[in-house]
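What follows is the residue order along each chain.
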Amino acid sequence: MTLSPSLGFTHRRSGTLRVAAVSALAVTGLLATTAGATAAAPAPTRTTAAAAAAPDIPLANVKAHLTQLSQIAAANGGNRAHGRPGYKASIDYVKAKLDAAGFTTSLQTFTASGATGYNLIADWPGGDPNKVLMSGAHLDSVSAGAGINDNGSGSAAVLEAALAVSRAQLKPDKHLRFGWWGAEELGLLGSKAYVNSLPSTERTKFAGYLNFDMIGSPNPGYFVYDDDPTIEKTFKDYYAGLGIPTEIETEGDGRSDHAPFKNVGIPVGGLFSGADYRKTAAQAQKWGGTSGVAFDRCYHSSCDSLTNINDTALDRNSDAIAYALWTLSAGGTTPPGGTDYENTTPVAIPDAGAAVTSSIAVTGRTGNAPAALKVSVNITHTYRGDLVLDLVAPDGTAYRLKNSSSDSADNIVATYTVNASSEAANGTWKLRVQDVAAQDTGTLNSWKLTF
Ligand code: DTR
Ligand code: CA
Ligand code: ZN
Ligand code: ZN
């Protein structure tokens, strides 16, 4: 098996922030004030529009797709298996959604066990055709049931992520492709047929393949594939931003549709919430759920129905798919709602004195801030580690970014991730800085929120 080359993705989150066109968004940065002082006249601030922050994937939309798949199974002998009418009906449902959203779709047929199999391929127009980022899920169920977790969950989440790309009119650097595979349950036959159909010249254009097979298990674990390190880190970063521990997927390399891609040297990754293995006590301790019970007790059974889904796991994994798509495709121009908000007005930090604050008034957004809100800080400081940093949300909730003892650096140029999903996005956000030890000097040069 050839080793997957590491991906050459540009990590916007590495501290060197991408800056695209200046946005017309109105952002007012107030002059820094010491706690309680009256703000001076607002100073002009620069706003930049970096690559967009990924949108939240509405769980209700994903569940609506699952309901459709469930109804399709019920109307077609109780399953969506390869070679059965329920599978083709599933393909037709997904294809119709993508066609209506502006994707270029195609059906690839193959023969397996004497029946015609179908792969659905959908391309989002644009992006570099020599850098293809593909996401996929198998759409077939076993013949025993509707296959709502295995793998309606992955299929529905990938579909909704694709629809989110369309809603955002995303213009990523890379070319986005999506695939729904047939006959996975017969031995990865659909994805194998697809990869085998790719000339080597096409295979070399793949920047990566992301696989999602069982991501809503009722007794869920949070597993990340440990294949390509860049893809793995992207998913782990996302969950770290939520404060949720992950484990490496170990139920078996090669047991899903990423295997044919990996076998030809394409970087792969993905997420998994568990199948027939039982959750350990340690896993139940960190993730909740029930130890000693399978992650999915209805694996390959007739009870793999709409009730066989953990909504929290499905929601989190759906959002993680969007995060990975936006991040790994090095999202280009800003779709609605994705910008940086910055204050570049320097603020002197009193030596062992009162806290100072710098404000950014955010307007024009809808809903709450993201679960992975980025706070980038640039401070010149002459002594080690005695600054305390807090992000203060518009409602006054403080999020500790840095404790005085937690930093060995003099200057602080860093990006922190805050789960601000319970905070309204619009309002005046503040960065609060306090120097807690004497005999040094510091200046807050600038700070930035990335939504
Ligand atoms: N083969 C998948 C279920 C499965 C079992 N282990 C893993 C690991 C990673 C992804 C999926 C799976 C199926 O039955 O569809
Ligand atoms: Ca969501
Ligand atoms: Zn299966
Ligand atoms: Zn599966």
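As the structure is a prediction and not an experimental result, all values here were calculated from the model.

So, the overall build of the chain
Then comes step 1: The helix and strand tally for the chain stands at 9 helices and 18 strands.
Then comes step 2: Evaluated residue by residue, the chain yields a buried proportion of 54% over its 451 residues.
Then comes step 3: The long-range share in the chain, meaning contacts at least 24 apart out of those at least 6 apart in sequence, stands at 78%.
Then comes step 4: Carbon together with sulfur atoms contributes 52% to the accessible area of the chain, which is approximately 17000 Å² in total.

Points about the state of the cysteines
As used here, a disulfide is simply a covalent bond connecting the sulfur atoms of two cysteines.
Then comes step 1: According to the stated counting rule, one finds 1 disulfide in the structure shown.
Then comes step 2: A sulfur-sulfur distance of 2.0 Å marks the disulfide that ties C298 to C303. The disulfide joining C298 to C303 has a torsion of about -115° about its S-S bond and is therefore left-handed.
Then comes step 3: In this structure C298 comes out as buried when scored by relative accessible area, which is 12%.
Then comes step 4: Residue class for C303 comes out partly exposed when judged on its relative accessible area of 33%.

Here we look at the environment of V392
Then comes step 1: Relative to the elements of secondary structure, V392 occurs in strand 14 (residues 387-392).
Then comes step 2: Here V392 falls in the buried class, since its relative accessible area comes to 10%.
Then comes step 3: In the structure, V392 is positioned 37 residues away from W429 in sequence and 5.8 Å away in space, judged by C-alpha atoms.
Then comes step 4: With near-sequence residues (within four places) excluded, V392 lies in contact with T397, A398, T428, W429, K430 and R432.

Considering the coordination of the zinc ion (ligand 3)
Then comes step 1: Surrounding the zinc ion (ligand 3) are the protein donor atoms D150 (OD), E185 (OE), E185 (OE) and H300 (NE2), at 1.9 to 2.5 Å.
Then comes step 2: Taken together, the 6 donor atoms coordinating the zinc ion (ligand 3) span angles of 56 to 149° at the metal, a pattern that classifies the geometry as irregular.
Then comes step 3: Here the zinc ion (ligand 3) and the zinc ion (ligand 4) are spaced 3.5 Å apart, linked through D150, which binds each one. Of this pair, D150 sits in helix 3 (residues 148-168) while E185 sits in the loop between strand 5 (174-181) and helix 4 (189-197), and the two are 35 residues apart along the sequence.
Then comes step 4: Note on D150: relative accessible area 3%, which makes it buried.
Then comes step 5: A residue is classified by how much of its surface remains accessible, and E185, at 22% relative accessible area, is partly exposed.

Some points on the pattern of salt bridges
Then comes step 1: The final tally for this structure, using the stated rule, is 12 salt bridges.
Then comes step 2: A salt bridge links K88 to D92, with the shortest nitrogen-to-oxygen separation between them at 2.8 Å. Placement of the pair is K88 and D92 together in helix 2 (residues 85-100), with a separation of 4 residues, close to one helical turn.
Then comes step 3: Here D92 falls in the partly exposed class, since its relative accessible area comes to 38%.
Then comes step 4: Note that R177 and D123 form a salt bridge whose closest N and O atoms lie 2.6 Å from each other. Here R177 is found in strand 5, whereas its partner D123 is found in strand 3 (residues 115-124), with 54 residues between them in sequence.
Then comes step 5: Salt bridges linked by common partners bring D390, R400 and R432 together as one network.

Details of the sheet that holds strand 6 (residues 206-212)
Then comes step 1: Judged by pairing direction, the sheet is mixed, and its 8 strands sit side by side in the order 2-3-5-4-6-9-7-8 without closing on themselves. Bordering the open sheet on either side are strand 2 (104-112) and strand 8 (247-248), each of which pairs with just one other strand.
Then comes step 2: Against the sheet, helix 2 makes contact with strand 2, strand 3 and strand 5, and its axis sits at roughly 15° relative to strand 3, the strand it touches most.
Then comes step 3: In the packing of helix 3 onto the sheet, the strands contacted are strand 3, strand 4 (128-138), strand 5 and strand 6, and the crossing angle to strand 4 comes to about 145°.

Let's talk about the packing of helix 1 (residues 59-74) against helix 2
The relative placement of two packed helices is expressed as an angle between their axes plus a distance between the axes.
Then comes step 1: Viewed as axis vectors pointing N to C, helix 1 and helix 2 meet at an angle of 150°, and their least axial separation amounts to 9 Å. When the axes of helix 1 and helix 2 are compared, the pair comes out roughly antiparallel. For the pair helix 1 and helix 2, the crossing hand works out as right-handed. Across the interface between the two elements, A64, H65, Q68, L69 and I72 of helix 1 pack against G86, A89, S90, Y93 and K97 of helix 2.
Then comes step 2: Tallied by class, the residues present in the contact of helix 1 with helix 2 amount to 5 nonpolar, 4 polar and 1 charged.

A look at the confidence of the model for the chain
Then comes step 1: The predicted model of the chain averages 86 in pLDDT, with 85% of residues at 70 or higher.
Then comes step 2: Segment residues 1-51 is flagged for pLDDT under 50; beyond a separation of four residues in sequence, or across chains, it makes 116 contacts in the model.
Then comes step 3: Counting contacts from residues 331-337, a segment whose pLDDT is below 50, to residues more than four positions away or on other chains yields 21 contacts.

Cut-offs used in this document
Residues numbered from 1 in each chain as written. Chains lettered and ligands numbered in written order. Predicted model: local features only at pLDDT ≥ 70, side-chain atom pairs only at ≥ 80, totals over all residues. Heavy atoms only, no water. Helix = DSSP H or I, 4+ residues; strand = E, 2+ residues; numbered from the N terminus. Buried < 20%, exposed > 50% of the residue type's maximum accessible area, 1.4 Å probe, protein only. Contact = heavy atoms within 4.5 Å. Areas by Shrake-Rupley, 256 points an atom, 1.4 Å probe, with all protein chains shown as cover. Disulfide = S-S within 2.5 Å. Donors = N, O, S within 2.8 Å, 3.2 Å for Na, K, Ca; no water. Tetrahedral: all angles 85-135°; square planar, octahedral: opposite > 155°, others 65-115°. Salt bridge = Lys/Arg side-chain N within 4 Å of Asp/Glu carboxyl O. Pairing = 2+ DSSP bridges. Axes fitted to C-alpha atoms, helices over the stretch in contact; angles between N-to-C directions. Parallel < 35°, antiparallel > 145°, perpendicular 65-115°, else oblique. Left-handed = near helix turned anticlockwise from the far one by under 90°. Nonpolar A, V, L, I, M, F, W, Y, C, P; charged D, E, K, R; others polar. pLDDT = per-residue confidence, 0-100.

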